[in-house]
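Architecture at a glance
Here is how the chains run, residue by residue.
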Amino acid sequence: MLKTERHARILEHVSARGGSDVKELSRLLNVSGATVRRDLQHLSRLNLLRRTHGGAVVGSLGAELPVQHRTERCRPEKQAIARAAAELVPAGAVVGLTGGTTVTEIARVLAARGPVTIVTNAVNIAAELVPHRDVTLVVVGGYARTASYELVGPIAEKTLADHHTDMTFLGVDGISAAGCTTHDQLEAATDRAFADNSGRTVVVADHSKIGKVTFAKICPLTDIDHLVTDRAAPADHLARIADAGVAVTAV
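Our subject in this report is the structure included herewith.

Basis of the calculations
Residues numbered from 1 in each chain as written. Predicted model: local features only at pLDDT ≥ 70, side-chain atom pairs only at ≥ 80, totals over all residues. Heavy atoms only, no water. Helix = DSSP H or I, 4+ residues; strand = E, 2+ residues; numbered from the N terminus. Pairing = 2+ DSSP bridges. Axes fitted to C-alpha atoms, helices over the stretch in contact; angles between N-to-C directions. Buried < 20%, exposed > 50% of the residue type's maximum accessible area, 1.4 Å probe, protein only. Right-handed = clockwise from strand over helix to strand, strands pointing away. Core = buried A, V, L, I, M, F, W, Y, C linked by side-chain atoms within 4.5 Å.

1. With respect to the environment of Thr-4
By secondary structure assignment, the location of Thr-4 is in helix α1 (residues 3–17). For the pair Thr-4 and Asn-30, spaced 26 residues apart in the sequence, the C-alpha separation amounts to 15 Å.

Next comes the structure, spelled out in structure tokens:
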């Protein structure tokens, strides 16, 4: 297991339970207690959790993991989702891309495939796409979120209102019968602006996001046309999403 993946799993485990001890994390990750202690010290220095005697508890960032600690998590599934999602994009389309690790994988597939126009508010995606001659890139401005590398807020929403995309790929922190959600209110409003100004909205989310509800609501399922996820997604939640009229693809 890569160190970045190990760190992501520690943060997820601690966030889900509010805290954990070295022995529990050692069993979870199948590594030594010394390795876990080094990992906890590193994550504590980054203020991602708070070190305690014998373990750690949730830090100041709460449940949202910074994007660099989500990159390796479920990466094969995210890459499979990205390939399937990219197949939905017709030639010559203008494509909106929000932030998120799965959406980043879509950006890589589209850039490698050939001529495409991309509208994005994610600075990490924009940085990857700038060198590609076959990508016409529009970067939406706004307030920069450290956790997601996204530019959000009124400036982003106004820019999106002045543009139309043929298709938007929406990264979310949760999708359920209650709709699509994320951790941050400003990010939710900007994501909603992407959906409102797109001909078709496709949510891309690995199985860990299915059935999950987080703090800020982006939109109801009636605003979503398609969900692309992986086969490990819980079937009962997928059925409820499909019953709401959303096309569901599990790869």
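2. Topic: the sheet that holds strand β5 (residues 116–120)
An order of β6-β5-β4-β9-β12-β14-β15 is seen for the seven strands of this open sheet, with the pairing classed as parallel. Looking at strand neighbours, the two that pair on one side only are β6 (135–139) and β15 (247–250), the edges of this open sheet. Taken pair by pair, the neighbouring strands of this sheet meet at an average axis angle of 20 degrees, ignoring direction. Of the strand pairs in this sheet, β5 and β6 are connected by five bridges, and their pairing is parallel. Bridge assignment links Val-119 to a residue of β6, and that residue is Val-138.

3. A few points about the pairing of β5
Of all the five residues making up β5, four are buried; the element is thus mostly covered by neighbouring parts of the structure. Sheet analysis places strand β4 (residues 94–97) next to β5, joined by four bridges and oriented parallel. Among the inter-strand pairings, Val-95 is bridged to a residue of β5, identified as Ile-118. A crossover connection joins β4 to the parallel β5 through helix α5 (residues 101–113); in handedness this β-α-β unit is right-handed. The handedness of the β5 to β6 crossover, carried by helix α6 (residues 123–129), is right-handed.

4. Brief notes about the nonpolar core
Val-95, Leu-97, Ile-106, Leu-110, Ile-118, Phe-169 and Val-204 are the most contacted members of the largest nonpolar core, which totals 24 residues. Going through the elements one at a time, α4 (75–86), β4, α5, β5, α6, β9 (167–171) and β12 (201–204) are the ones with two or more residues in this core. When residues of this core are assigned to their parent elements, the largest contribution, five residues, is made by α5.

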